[in-house]
Amino acid sequence: MGGGATRLYSTLTQTLSSSSPLPLPPSHLDPHPPVDTNLDPAFCQEQKGSDPVELLQQCEEALGDRPPRFHRKFTYLNDGNSAPSSSMRVMQWNILAQALGEGLDSFVQCPPEALSWSRRKYLILEEILSYRPHILCLQEVDHFYDTFQPVLASLGYSSNFCPKPWSPCLDVEGNNGPDGCALFFDRTRYEFLDSVNIRLSAMRIPTNQVSVVTMLRCRSTGRCVCVAVTHLKARSGWEWLRSAQGSNLLQHLQSLIQKHAGPTDAPNTPLLICGDFNAVPTEEVYRRIMASPLRLDSAYKKLSQDGLTEPEYTTWKIRPTGECCTTLDYIWYSLDTLRVDAVLDMPTEEQIGPNRLPSFSYPSDHLSLVCDFSFKEKE
């Protein structure tokens, strides 16, 4: 094991072993906290040479006797002919907040041991490191400062985090702070341009849902891309609120794109929107995004035979109220400026198992979505 990887593993073990609540960071008081696009010099020097492959192996060793991971394959759509230097691998995932998994979500078929942070932290990192995304969009993140930011920073990712103003995690004893949305990007591939943390509104009234929107420039092509991560209001009966939140998010995206590209070039700026929308494909918020003048489409429809149908499920769980198997998570992309090159398929019902998610094999009730994109040639 290399010296850098050994130091990283030591830091990882120490960092991830803490389960005590964290004080609320000062940045949470600012609705638009600055993005730290540089590693702390001392930490960077300590972790210099960190290897994601070795860290992945260490996660697998730490998990030891667990059941095998889901075997998922990519479906390639364009003969793999995009240049590797311009390919964008995007990962979308609601990782399940630790406080909610152990406290409020009541996964009645999941053994308590499978929900422990001592196990889940390695399963989550294993999933991320297995696919090595260039852009990573996460929801329900309540271990940002003590786990994901330091570990992923040591691997070359910059990030931004936006907590929910009234996170339900704070109602759970021994919580680790509020959950929220986090966006990470590989600094070797993308240059940071701008980022805003948004508290979504409905009819001009602020809500508890948030979004992180970041403008990046691809270092190899010089092309810009706007990336958003969000998590809309959950539960049935709130369809109208999700629709309003979706409209509000689209307005913010149009404003940020026009700020950087100007009104003339704004339609040519690629856009990615990743999130747990808590909305099935028949909901109004889904239709609003599809009908938006931003000309967006859902990448995971590419897995269907007709190219028009979403997967049967992106989440599958059993709660006291019953079994829930549905599609709530999406990666939206600009039809005119981005091309979908590959899509990671979904595990089968047999792989997921009768007790559904989460489990000893998988740390969240939501499945990760992973897509490879490339820029279309400008006309």
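Residues numbered from 1 in each chain as written. Predicted model: local features only at pLDDT ≥ 70, side-chain atom pairs only at ≥ 80, totals over all residues. Heavy atoms only, no water.

Take the overall build of the protein chain next. Looking only at helices and strands, the protein chain features nine helices and 15 strands. Restricting the contact set of the protein chain to residue pairs at least 6 apart, pairs at least 24 apart contribute 78%. Surface accessibility of the protein chain: about 16,300 Å² in total, with carbon and sulfur atoms responsible for 51%. (Helix = DSSP H or I, 4+ residues; strand = E, 2+ residues; numbered from the N terminus. Contact = heavy atoms within 4.5 Å. Areas by Shrake-Rupley, 256 points an atom, 1.4 Å probe, with all protein chains shown as cover.)

This next bit is on the pairing of strand S6 (residues 190-202). Bridge count between S6 and strand S7 (residues 205-218): 11 bridges; the pairing is antiparallel. Residue asparagine 197 lies in a different strand from S7, and its bridge partner there is valine 212. The antiparallel hairpin formed by S6 and S7 contains two residues in its connecting segment, where methionine 203 sits at a positive phi of about 55°. (Pairing = 2+ DSSP bridges.)

Turning to the sheet that holds strand S3 (residues 135-141), a few remarks are in order. Taken together, the seven strands give an open sheet; going across it, the order is S1-S14-S15-S2-S3-S5-S4, and neighbouring strands pair in mixed fashion. The open sheet has two free edges, formed respectively by strand S1 (74-76) and strand S4 (157-163), since each of these has just one partner strand. Ignoring strand direction, the axes of neighbouring strands in this sheet form an average angle of 20°. Note: strand S2 (residues 88-94) against S3, five bridges, orientation parallel. When the sheet's bridge partners are listed, valine 90 is paired in S3 with isoleucine 135. Across the sheet, helix H5 (residues 117-131) lies against S1, S2, S3, strand S14 (338-344) and strand S15 (369-375), angled at about 160° from S2, the strand it touches most. (Axes fitted to C-alpha atoms, helices over the stretch in contact; angles between N-to-C directions.)

It is worth spelling out the packing of aromatic side chains at this point. Going through the model one piece at a time under the given rule, you end up with 17 aromatic pairs. Look at tyrosine 286 and tyrosine 330: their rings are 5.4 Å apart centre to centre, the planes differ by 65°, and that puts the pair in the edge-to-face class. Residue tyrosine 286 is located in helix H8 (residues 284-290), and its partner tyrosine 330 is located in strand S13 (residues 329-334); the two are separated by 44 residues in the primary sequence. Tyrosine 330 matches tyrosine 286 in its accessibility class, with the two residues each being buried. Clustering of aromatic rings is evident, with ring pairs tying together Phe144, Tyr145, Phe161 and Phe184. (Phe/Tyr/Trp six-rings, centres within 6.5 Å; stacked < 30°, edge-to-face > 60°. Buried < 20%, exposed > 50% of the residue type's maximum accessible area, 1.4 Å probe, protein only.)

Turning our eyes to something else, we now look at the pattern of salt bridges. Pairing between side chains of opposite charge can happen when the charged atoms of each approach one another. Within the structure shown, the criterion is met by 19 salt bridges. The residue arginine 242 makes a salt bridge to glutamate 283 at a minimum N-O spacing of 2.8 Å. Of this pair, arginine 242 sits in helix H7 (residues 239-265) while glutamate 283 sits in the loop between strand S9 (271-276) and H8, and the two are 41 residues apart along the sequence. The exposure class of arginine 242 is buried, given its relative accessible area of 2%. Its salt-bridge partner being arginine 356, residue glutamate 323 comes within 2.7 Å of it at the nearest N-O pair. Taken together, the residues glutamate 323 in strand S12 (residues 322-326) and arginine 356 in the loop between helix H9 (349-352) and S15 connect sequence positions 33 residues apart. The exposure class assigned to glutamate 323 is partly exposed, which follows from its relative accessible area of 47%. Among the charged side chains, a network of salt bridges with common partners joins Arg66, Arg69, Arg72, Glu126 and Glu127. (Salt bridge = Lys/Arg side-chain N within 4 Å of Asp/Glu carboxyl O.)

It is worth spelling out the confidence of the model for the protein chain at this point. Mean pLDDT over the protein chain works out to 87, with 84% of the residues at or above the 70 mark. Counting interchain partners and residues more than four positions distant, the pLDDT-below-50 stretch residues 16-49 has 57 contacts. (pLDDT = per-residue confidence, 0-100.)

For the structure shown, the criterion picks out one cavity of 30 Å³ or more. Roughly 70 Å³ of internal volume is contained in the largest cavity. Every residue lining the largest cavity is listed: Arg69, Phe70, Arg72, Leu123, Glu126, Glu127, Tyr131, Ser361, Tyr362 and Pro363. (1 Å grid on protein atoms, 1.4 Å probe; cavity = no way out; pocket = protein on both sides within 12 Å on 5 of 7 lines; lining within 4 Å. Points joined across faces, edges and corners; volume = space filled by probe spheres on them.)

Our focus in this paragraph is the layout of surface pockets. There is about 790 Å³ of room inside the largest pocket. As for the largest pocket, its lining consists of 35 residues, of which Lys233, Ala234, Arg235, Asn278 and Arg319 are closest to the centre. Broken down by secondary-structure element, the contributors of at least two residues to the lining of the largest pocket are S7, H7, strand S11 (315-319) and S12. Taken together, the residues of the lining of the largest pocket sort by class into 11 nonpolar, 11 polar and 13 charged. (Nonpolar A, V, L, I, M, F, W, Y, C, P; charged D, E, K, R; others polar.)

Okay, the side chain of arginine 72 next. Looking at where arginine 72 falls in the secondary structure, it is placed in the loop between helix H3 (52-63) and S1. Apart from the residues lying within four places of it in its own chain, the contact partners of arginine 72 are Glu127, Tyr131, Tyr300, Leu344, Asp345, Met346, Pro347, Tyr362 and Ser368.

Let us look at the sheet that holds S7. Strand order in the open sheet formed by six strands is S6-S7-S8-S9-S13-S10, and the pairing between neighbours is mixed. Looking at which strands have only one partner, the edges of the open sheet turn out to be S6 and strand S10 (296-298). Sheet twist, expressed as the average angle between the axes of neighbouring strands with direction ignored, equals 20°. One ladder, built from six bridges, connects strand S8 (residues 224-231) with S9; its direction is parallel. Following the sheet pairing, histidine 231 is matched in S9 by aspartate 276.

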